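Close look at the chain arrangement
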Amino acid sequence: MSYEYPDARGHFGQYGGRYVAETLMPALLELEQAYVEVRNDPEFQKEVDYYLNHYVGRPSPLYFAERLTAELGGAKVYLKREDLNHTGAHKVNNTVGQILLARRMGKKKVIAETGAGQHGVATATVAALFGMECEIFMGTEDIRRQSLNVFRMKLLGAKVTGVTSGTATLKDAMNDALRHWVAHVRDTFYVIGTVAGPHPYPMMVRDFQAVIGIEAKEQILAAEGCLPDVAVACIGGGSNAIGLFYPFIGDSQVGLLGVEAAGLGIETGKHAASLGAGSPGVLHGNKTSLLQDADGQIQHAHSISAGLDYPGVGPEHAHLHDIKRACYVAVTDDEALAAFRKLTEIEGIIPALETAHAIAQVIKMAPSMSPDQIILVCLSGRGDKDINTVAQAMKVEL
Amino acid sequence: MSRLQHTFAELNKRGEAALIPFITAGDPSPQRTLDLIRTLAAAGADVIELGVPFSDPMADGPTIQAASERALAAGTTLKTVLDIVAQARRELQIPLVLMGYYNPVFRYGVECFARDAMAAGVDGLLLVDLPPEEMAEIKPMTDAVGLPLITLLAPTTPLERAKRLAAAAEGYIYYVSMTGVTGTQAVSPAAIRDAVVQLKTLAQVPVAVGFGITTAADVQAVAEFADAVVVGSALVRIIGEHGSDEGLLDKVAAFTGSLKQGCKK
Ligand SMILES: Cc1ncc(COP(=O)(O)O)c(C=O)c1O
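Residues numbered from 1 in each chain as written. Chains lettered and ligands numbered in written order. Predicted model: local features only at pLDDT ≥ 70, side-chain atom pairs only at ≥ 80, totals over all residues. Heavy atoms only, no water.

Comments concerning the overall build of chain A
Secondary structure summary: chain A contains 15 helices and 14 strands in total. For 398 residues, the compact-globule formula gives about 21 Å, and the C-alpha radius of gyration of chain A, at 19 Å, lands near that figure. Each principal axis of the C-alpha atoms in chain A carries an extent, and together these give about 55 × 50 × 45 Å. The contacts of chain A with a sequence gap of at least 6 include a subset with a gap of at least 24, amounting to 73%. For chain A, the accessible surface area stands at approximately 13500 Å², while carbon and sulfur atoms represent 52% of it. (Helix = DSSP H or I, 4+ residues; strand = E, 2+ residues; numbered from the N terminus. Rg over C-alpha atoms; globule rule 2.2 N^0.38 Å. Contact = heavy atoms within 4.5 Å. Areas by Shrake-Rupley, 256 points an atom, 1.4 Å probe, with all protein chains shown as cover.)

Structure below.
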């Protein structure tokens, strides 16, 4: 299968593109040109690899979850351990790449939006590493539920700016980060944390995250001598998922399964299933599948996990959905919480609540698969940041 | 000649710059917007920009964000905005330009929207987040009905790009006077003068300047070199503060009248 996306104008089929105000257009064109240059520059790639190996701790292990597999009694479950990266999630793969690009471009300041705070922490971390000024935009609702990460960012020297507009979550943080960028575009690099935003971000973030799938492919071939039957990942904006999927897109025997947040249940309207229950629209610089009303107003997303609480999804996922190369399902807050506890209890791995959505899907599907089949899951992050939320859901006072 | 062309030609004869007030349609209510349009027209506005409210106004500062929220809370949809235009058009000849974000238009269906907008009496469309790179997806539909697509240019636009965009511009060019979102910084007329004067030599259509113009003195300074001056946040702030007061229309009329004084050379 030949798969060459995005096209020269940043479109993935009918999705993607650059839907931004003129003030930002020149900056996006400059960024695209700078990125195209480093993409084919072995020196830049060497630099990225150096920091991924020695600073982030890559390659991350591929771990056979023996007890989970036995308990589910079906397919073998392999976990790609992005939780073991420095800062505890896949997000740092992308921030290392983007900050090295920002340095090449001579930018002195970086900004980022964050939901769960993982991308904010990953950005603040590399900003500290390279001595750059850093400001993080975060919804006040997320500041409340992710207070641990807020403090981490401050310790790392970042300024954390609370965003109160709209739902005070990830969508609104991205609005304010874009507004700030419009006003400071000449000296500021915007480090977008997922495969959303205007071109070239969805392509660039995908490329930086593809290390997940590239390593996992090699590791599973070494461990099992064959490719997995299905690769599973949770979907907020879709960066850990595309990072895992991308190197497998040409391997048509490998199923690709994205897991969105069903929140309180799709039927309640309180969910974040932008692909499963959305429609095409334009937000944050790209055309994609969105939660919106009949008048094109963006609707509120809901998920217990701050990192999935977003009414859109990366345009490449909308395209993979359209061409049926990937499938997308959704699991509820309760299912994610149960999976969070299960993985903690029987593998000794506390996953992020985002990641717990992917695990919940594995728990649903593995038993009906055969023991010679293989599920490859992206364990996108660790769950320390979610302890307060989980305690609250379990009605435990800390 | 279109209503927009006619308006600019008349002003040109008189040696006046156009005053273009911006208000958010539906703020504080659709009915009140109609009153505001009448008031603005009577007090000296030459063209009116009507903001189409959107849940995520990425290029707007807090003042217009709040107006957008008020309009949405009052139940304003794109269809409501077209109804307001149609009603105003029954009694007024003033050009009405819709300004907003692409998603509501995309959801409405571009082809239907272009047809309905023309039928309602809309004179131009400015979609902030639809740059020339993406315009091709709506241009055939707006061209088919003769609806001008207003182009934005910014201080960050390089000269070569500005030349290309200016040559292709329709209706008028909207020059964004500062690098930022609406209503957050004051314009510096001296700093943009050269850019605007140059732009006028590149364009076949009038050049309007907006973002950050809040006082009659600003208007006067900018009107010296621009064809039109847009005042948004300052007006929207008055509507935000006095939306439900009896005296709103008088306040808006007085403010608009003072701004228009600055347009006369
Ligand atoms: C651990 C973890 N997984 C997943 C996500 C969701 O983002 P994405 O879909 O871009 O991977 C987040 C976002 O904050 C996260 O922190």
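After that view of the structure, there is still more to cover.
Examining the overall build of chain B
The number of helices and strands found in chain B is 13 helices and 8 strands. Computed over the C-alpha atoms, the radius of gyration of chain B is 17 Å, within 12% of the 18 Å expected from 2.2 N^0.38 for a compact globule of 265 residues. Projected onto the principal axes, the alpha-carbon positions of chain B cover approximately 45 × 40 × 35 Å. Burial status across chain B gives 60% buried among its 265 residues. Just so you have it, chain B exposes about 9700 Å², and 53% of that area is on carbon and sulfur atoms. One finds the centroid of the 22 positive side-chain charges in chain B at a distance of 5 Å from the centroid of its 29 negative side-chain charges. (Buried < 20%, exposed > 50% of the residue type's maximum accessible area, 1.4 Å probe, protein only. Lys, Arg positive; Asp, Glu negative; His and termini not counted. Charge placed at Lys NZ, Arg CZ, Asp CG, Glu CD.)

Here we look at the pairing of strand β12 (residues 285-290) of chain A
Residues and elements named next belong to chain A. With respect to burial, β12 is a largely interior element, 6 of its 6 residues being buried. Inspection of the sheet shows strand β2 (residues 15-19) paired to β12 by 2 bridges, in the antiparallel sense. Bridged to glycine 16 within β12 is lysine 287. Across 5 bridges, strand β11 (residues 279-283) lies against β12 in antiparallel orientation. Bridge assignment links serine 279 to a residue of β12, and that residue is leucine 290. Adjacent in sequence and paired antiparallel, β11 and β12 are bridged by 1 residue, among which histidine 284 carries a positive phi angle near 50°. (Pairing = 2+ DSSP bridges.)

Quick notes on helix α13 (residues 333-347) of chain A
What sets the pattern is the α-helix's 3.6 residues per turn: residues three or four places apart point alike. All names here are of chain A. For α13, spanning 15 residues, the distance from its first C-alpha to its last is 21 Å, which sits close to the expected 21 Å at 1.5 Å a residue. The set of residues buried in α13 consists of Asp333, Ala336, Leu337, Ala339, Phe340, Leu343, Ile346 and Glu347. Directly after α13, the chain includes glycine 348, whose backbone phi takes a positive value near 70°. (Expected span 1.5 Å × (residues − 1).)

Notes on the interface of chain A and chain B
With 39 residues of chain A at the interface, the matching set in chain B holds 40 residues. A combined buried area of about 3000 Å² lies between chain A and chain B, and 50% of that area is made up of carbon and sulfur atoms. Inspection of the region where chain A meets chain B yields 4 salt bridges. With a closest N to O distance of 2.7 Å, B:Asp56 and A:Lys171 form a salt bridge. Linking chain A to chain B there are 23 residue pairs in polar contact (both at pLDDT 80 or more). Those elements that provide at least two residues to the side of chain A that touches chain B are β2, α1 (25-39), α8 (170-184), β11 and β12 of chain A. It is α8(A) that contributes the most residues to the side of chain A that touches chain B, 7 residues altogether. For the side of chain A that touches chain B, the per-class residue count stands at 16 nonpolar, 13 polar and 10 charged. (Buried area = accessible area lost by both parts, 1.4 Å probe. Salt bridge = Lys/Arg side-chain N within 4 Å of Asp/Glu carboxyl O. Polar contact = N/O pair within 3.5 Å; in protein donor to acceptor, adjacent residues only side chain to side chain. Nonpolar A, V, L, I, M, F, W, Y, C, P; charged D, E, K, R; others polar.)

So, the pairing of strand β6 (residues 133-139) of chain A
All names here are of chain A. With 6 of 7 residues buried, β6 lies mostly within the body of the structure. Examined bridge by bridge, strand β5 (residues 109-114) and β6 share 6 bridges and lie parallel to one another. Across the sheet, lysine 109 pairs through a bridge with glutamate 133, a residue of β6. In this fold, β5 hands off to helix α5 (residues 118-129), which returns the chain to β6; that crossover is right-handed. Here 5 bridges tie β6 to strand β7 (residues 159-163), and the two strands are oriented parallel to one another. Looking at β7, one finds that glycine 139 is bridged to valine 163. (Right-handed = clockwise from strand over helix to strand, strands pointing away.)

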